[in-house]
Structures are given as structure tokens and as C-alpha cells.
Amino acid sequence: MRQSIFGAVAASALGITGLLALGAPDASAADGSRPVEYNFTSGFLQGFLQPGQAPGGANDWACRPSAAHPRPVVLIHGTLENMNDNWRGAAPLLANNGYCVFAFNYGADSESSPVQGTGPMKDSAAKLGTFVDRVRAATGAAEVDLVGHSQGGGPMPRYYLKNDPGAAGKVGKLIGITPSNHGTTLSGITQLGSALHLLEPANDLLTKTSPALVEQEIGSDFNKQLDAGGDTVPGVDYTVIASKYDEVVTPYTNSYLTAGPGATVRNIRVQDACALDLTDHLEAAYDPISLTYVLNALDPAHPRPVKCRAVLPLTGPVVPVG
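Residues numbered from 1 in each chain as written. Predicted model: local features only at pLDDT ≥ 70, side-chain atom pairs only at ≥ 80, totals over all residues. Heavy atoms only, no water.

Chemist: Is there a simple way to think about the overall build of the protein chain in this case?
Modeler: The helix and strand tally for the protein chain stands at 12 helices and eight strands. For the protein chain, the proportion of contacts with a sequence separation of at least 24, taken over those separated by at least 6, is 78%. Entry remark: accessible area of the protein chain is about 12,400 Å², with carbon and sulfur atoms responsible for 58%. (Helix = DSSP H or I, 4+ residues; strand = E, 2+ residues; numbered from the N terminus. Contact = heavy atoms within 4.5 Å. Areas by Shrake-Rupley, 256 points an atom, 1.4 Å probe, with all protein chains shown as cover.)

Here's what the structure looks like:
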């Protein structure tokens, strides 16, 4: 029940975005030549049915990191998403700013499936590890930085860092956008499912079809094992970018991490910098304010000003970003 509703709400939101997108304007590039999308609806519709195509700016395997940005960036999509519909904002923005950017699909039986990120997070973490090694080998970089959304910004890469021998030595930063680090109640619906005795039957079915959904519920065995011993691993710098209007990860503070020995954590709520930013869980990966925080987390020595602007759920900035 918990995560069946989780999936239904996400699917409903994606369906609504299809109606809203018809008049959505295209965004222009922030820097460089690649267009940057700041509207989730538009980005999702353009990328959903082309899951095997990398978003603009990503997967140039001839890219070599610069001295200014020595670590390639690996983008990790969220649950029910794919690399192309999740990263049509971040991938070109990062590439325009001089980063080598890479993205991949995980958590589905086929690379051609538009819906990814539903398989067991243990298996997805193994695929992440293989991809990180491929990026390091291709670019010659000793370390990469990870930027992820939802599952891909929290529990899945955290599992990789905690359980893959040597992983922490291959990763400099983990930056999570609305990550589901400590599970979700989905606005209290999970408790209702438990009270109605529908939770376990629904979870039994989902464990066979979409186990990552069940693993992201509060109190799941996966969550308990992941959190045992602390949220972080030594040597990695963590940034969490959360929104108080997150309707999928609830309470939204479940995104936040606590630093353990040898690690650093910065927990950010976008509304603390801009009360006009109403970004929800889905828009967050396209939100220009969230993406500014991503750029600043990747390169804290050269921080960019966070420009406050009105941002709506699902459809992004009221005034197009120029």
C-alpha cells in the first residue's frame, strides 16, 4: 500500500504534466551552446520515450576533465525516471560550465524501458559501481562526483559507498536533490495503509515487481540496514538539497543526513534562500535554484549567487530563465 500509492501519485503527477506542458516555453542555455531545460514537464515529455539517449551534454566519452573541474560528474536518475527525462536540465548546464558529464540507466530489465529505477537497490548500486569505474577509466580521473535525484541522490548511492570496497576512494562528493535518504510516509498515507491492514499485502506484491519502491518506505529493512552505523562514510563530502513542498519524500526532513567521522554534510532547504521557490519533488531536478546549489556544491571555491525567482511545481520558473 505504501509504495503502491507512492507509484500511483508519481504516475498521476506525470500524467498531469502532459496537459500542462502544451504551452511550456523552452529555456535557453545558461552558459555555452547547449539549451538548458528548467521545466520538468517539458523535459520529462521530451525524454521519457527516449530512455537510451543521453541528455544533451552527457556521455561524451572523449571528454577529459580540466584542471578547474578535475572530477567527472555522474548523474543518477530517480525512481520511475530515466537518464533522459530526469537530466535535461542538469546535464547541459554542467557541460556548459566545463564539466565532463555522464549518465546511465539502472533498475530495469531493459535499457530501452522508459521506466527505470524500480529494481533492488543493491543491484542498482552494483551497476553504479561498474559505471563509475567505466567513467574513471575513460577520463583518467581518480575520482568522480555523484549528483542524484530522489533514490539516485540518496539511498542507492549511499549503499554503493557503504558496501562496495574502495568506493569511497573513487567518489569526492555526493549531491542529492530531494533524496529519499530515510524513507517516506507519502504525506501520511503509509500510516493509513498500515491501519487498514493493506500495507503488507501490497508490499508483498511490489517486492516481486518493483522492490525499490518498498525499500524506500520508512522502516523498511533496507533503510534500517543502510542507516546502521551512520549516514555517511569517511572521505566523502555530502550535500542535500531539499524542498519543504516535497510531496513524495515526507517529511521532507527525511532527506537530511547527519555527518559521521571523516565526512562533511551540508543540508539545504531551497526556501531558506527563496520563499518564492515552490518546487516539488519532480521539479526539483530542473529547478534553477536547486541547480545553482549543485554548481556551488561541486565548486565551492567559486560560489554563484542564488537568484530568487518564482518557481512553480511541475512547470518551473514563472519567468523563463535567460
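There is more to say after this.
Chemist: I keep staring at the state of the cysteines and nothing clicks. Help me out?
Modeler: Linking two cysteines covalently via their sulfur atoms produces the bond known as a disulfide. Applying the stated rule across the entire model yields two disulfides. Through a disulfide, Cys 63 is tied to Cys 100; the S-S separation comes to 2.0 Å. Taking the torsion about the S-S bond as the criterion, the Cys 63 to Cys 100 disulfide, at about -80 degrees, is left-handed. Of the two residues, Cys 63 is situated in the loop between helix H2 (40-47) and strand S1 (73-76) and Cys 100 in the loop between helix H4 (90-96) and strand S2 (101-104); the sequence distance between them amounts to 37 residues. (Disulfide = S-S within 2.5 Å.)

Chemist: In this structure, what is going on with the packing of aromatic side chains? I would like to understand it.
Modeler: Applying the stated criterion across every chain, the model contains nine aromatic pairs. Plain terms: the ring middles of Phe 104 and Phe 131 are 4.6 Å apart, the flat faces sit at 20 degrees to each other, and that makes the pair stacked. Of this pair, Phe 104 sits in strand S2 while Phe 131 sits in helix H5 (residues 121-139), placing them 27 residues apart in sequence. Comparing Phe 104 with Phe 131 shows no difference in burial state: the two are buried. Taken together, Trp 61, Phe 102, Phe 104, Tyr 106 and Phe 131 form an aromatic cluster joined through their ring pairs. In this structure, Arg 134 is placed above the aromatic ring of Trp 61, and the distance from its NZ or CZ to the ring centre is 3.9 Å. (Phe/Tyr/Trp six-rings, centres within 6.5 Å; stacked < 30°, edge-to-face > 60°. Buried < 20%, exposed > 50% of the residue type's maximum accessible area, 1.4 Å probe, protein only. Lys NZ or Arg CZ within 6 Å of the ring centre and 35° of its normal.)

Chemist: Is there a simple way to explain the nonpolar core in this structure?
Modeler: What tends to happen in soluble globular proteins is that the nonpolar side chains get buried as a cluster. Counting 37 residues, the largest nonpolar core has Leu 75, Trp 87, Leu 94, Val 101, Val 147, Ile 241 and Leu 298 as its most contacted members. Among the elements of the structure, H2, S1, H4, S2, strand S4 (171-177) and helix H12 (288-298) are those that each provide at least two residues to this core. Sort the elements by how many residues they give to this core and H12 lands first, with seven residues. Every residue in contact with Leu 75, bar those within four places of it in the chain, is listed here: Trp 87, Ala 91, Leu 94, Val 101, Phe 102, Ala 103, Phe 104 and Val 147. Formed by 31 residues, the second largest nonpolar core is a distinct cluster that contains Tyr 106, Tyr 159, Ala 167 and Val 233. (Core = buried A, V, L, I, M, F, W, Y, C linked by side-chain atoms within 4.5 Å.)

Chemist: I tried to follow the side chain of Ser 220 on my own but got confused; where do I start?
Modeler: Considering the arrangement of structural elements, one finds Ser 220 in the loop between helix H9 (211-215) and helix H10 (221-227). The class for Ser 220 is buried, based on a relative accessible area of 5%. When residues no more than four places from it in sequence are discounted, the contact partners of Ser 220 are Val 214 and Glu 215.

Chemist: Can you help me understand unusual backbone geometry in this one?
Modeler: Across residues other than glycine, the phi torsion is negative in most instances, and most of the peptide bonds are trans. The residue after Thr 250, namely Pro 251, is reached through a cis peptide bond having omega -10 degrees. If you check the backbone angles, Leu 80 has positive phi at about 70 degrees while not being a glycine. Of note, Leu 80 is situated in the loop between S1 and helix H3 (83-86). Looking at Leu 80, the relative accessible area reads 16%, which means it is buried. Its identity is not glycine, yet Leu 314 carries a phi of approximately 70 degrees, on the positive side. On the accessibility criterion, Leu 314 (13% relative accessible area) is buried.

Chemist: It is not clear to me how the sheet that holds strand S6 (residues 264-269) should be interpreted in this structure. Could you clarify?
Modeler: The strands that make up a sheet pair up through hydrogen bonds in the backbone, lying either parallel or antiparallel. Reading across the sheet, the six strands line up as S2-S1-S3-S4-S5-S6 and stay open at both edges, with parallel pairing between neighbours. Edge positions in the open sheet fall to S2 and S6, since each of these has one partner strand only. The mean angle between the axes of side-by-side strands here comes to 15 degrees, regardless of whether they run parallel or antiparallel. The sheet contact formed by S4 and strand S5 (residues 237-242) spans five bridges and is parallel. Following the sheet pairing, Ile 177 is matched in S5 by Ile 241. Across the sheet, H5 touches S1, S2 and strand S3 (144-149), and the angle it forms with S2 is around 150 degrees. Along the sheet face, H12 touches S1, S3, S4, S5 and S6 and points at about 165 degrees away from the line of S4. (Pairing = 2+ DSSP bridges. Axes fitted to C-alpha atoms, helices over the stretch in contact; angles between N-to-C directions.)

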